[in-house]
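Residues per chain are reported as follows:
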Amino acid sequence: MQPTTPAHTPTPDLSPLGKPSAYADHYDAALLFPLPRESKRAEIGIFGSLPFLGADLWTAFELSWLNPRGKPQVAIAHITIPCESTHIVESKSFKLYLNSFNNTRLESADAVRERIRDDVSAAIWCGGPVQASAGVRLLLPPQFAAETVRELEGLSIDRLDVECDRYQPAPELLTAAFDEQPVEESLVSDLLKSNCLVTGQPDWGSVLIRYSGPQIDQAGLLRYIVSFRNHNEFHEQCVERIYTDIMARCKPTKLLVYARYTRRGGLDINPWRSSHPMLPPVNVRTARQ
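Residues numbered from 1 in each chain as written. Predicted model: local features only at pLDDT ≥ 70, side-chain atom pairs only at ≥ 80, totals over all residues. Heavy atoms only, no water.

Novice: Any chance you could break down the overall build of the chain for me, citing the residues and the numbers?
Specialist: When helices and strands are tallied, the chain shows five helices and twelve strands. Relative to the 2.2 N^0.38 estimate, which gives 19 Å for 289 residues, the radius of gyration of the chain is 20 Å and therefore close to what a compact globule would have. In the chain, which comprises 289 residues, the share counted as buried stands at 50%. For the chain, the proportion of contacts with a sequence separation of at least 24, taken over those separated by at least 6, is 76%. Looking at the chain, you have 30 positive and 34 negative side-chain charges, and the mean spots of the two groups are 4 Å apart. (Helix = DSSP H or I, 4+ residues; strand = E, 2+ residues; numbered from the N terminus. Rg over C-alpha atoms; globule rule 2.2 N^0.38 Å. Buried < 20%, exposed > 50% of the residue type's maximum accessible area, 1.4 Å probe, protein only. Contact = heavy atoms within 4.5 Å. Lys, Arg positive; Asp, Glu negative; His and termini not counted. Charge placed at Lys NZ, Arg CZ, Asp CG, Glu CD.)

Novice: Residue-level account of empty space enclosed by the protein, with values.
Specialist: Evaluation of the coordinates by the stated rule reveals two cavities of 30 Å³ or more. Put simply, the largest cavity is a space of about 80 Å³. If you trace the largest cavity, you find it lined by Pro36, Arg37, Lys40, Arg41, Ile44, Ile88, Glu236, Gln237 and Glu240. When contributions to the lining of the largest cavity are tallied by element, the ones reaching two or more residues are α1 (38–43) and α5 (235–250). Here the residues of the lining of the largest cavity are counted per class, giving three nonpolar, one polar and five charged. (1 Å grid on protein atoms, 1.4 Å probe; cavity = no way out; pocket = protein on both sides within 12 Å on 5 of 7 lines; lining within 4 Å. Points joined across faces, edges and corners; volume = space filled by probe spheres on them. Nonpolar A, V, L, I, M, F, W, Y, C, P; charged D, E, K, R; others polar.)

Novice: Any details on the pairing of strand β9 (residues 202–213)? Residues and values, ideally.
Specialist: In terms of residue burial, β9 counts as a mostly covered element, since nine of its twelve residues are buried. Sheet topology places strand β8 (residues 183–195) next to β9; eleven bridges connect them, and they run antiparallel. Across the sheet, Ser194 pairs through a bridge with Asp203, a residue of β9. Pairing between β9 and strand β11 (residues 254–261): eight bridges, direction antiparallel. Counted as the bridge partner of Ile209 is Val257 from β11. (Pairing = 2+ DSSP bridges.)

Printed below as a string of structure tokens:
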């Protein structure tokens, strides 16, 4: 089955999030629930052409299917969703979709990979022409031992002893030294927290800000990151809000924002947005993931 194209505009309240769900254990692509990116991007002033490049890097730790003889197989899946897609996939629906493989017999790991690629690609373009396919890579058990843990690389701004009293996004906290020589810096924080747009459950993350340009005030940047603490948005939307706020307030000549969120339901989501063409960040989990 192909993912269905809703007759209505899909909204988060219509998704499986926060609702009791029956777990299908036979393959069903219609379980994928796409959500449009457009409305949340409009909130931060993005219309038409995107002001950034990037992707959403998903890791699925709970993927299993049956081989032709009925023997269970397991894998870790790395899925790349291009940021130019018109839709994202709601995460609980993605979990339900992956669970639908559990009692489904498939010829090979390649067959699983191709099916996930085709289904997710159809969902993120929501029935329209697929302009850029999702990327899917499966790691099989012989490869598990090579999986490593690595923290985001950069200067930790969490070392700063700042007073924090803003817990909704406060871009006015961002400042930069426009009258001084430009710098190149990589700054990281493990204090990013936001809440699910639908359920209000906490989403914990680490974020890397790599930029060239006027030096960003680190204390203000840390207070700004902390200001997301009670904010309700999906991971992808938070990263795009951080990107546009830093661009507007600090005016870097180059900017990368990359967040790695802890997993929920066997899935983690790690969006990155860049002002310039670059190799994707290395998709390696942090200790908290």
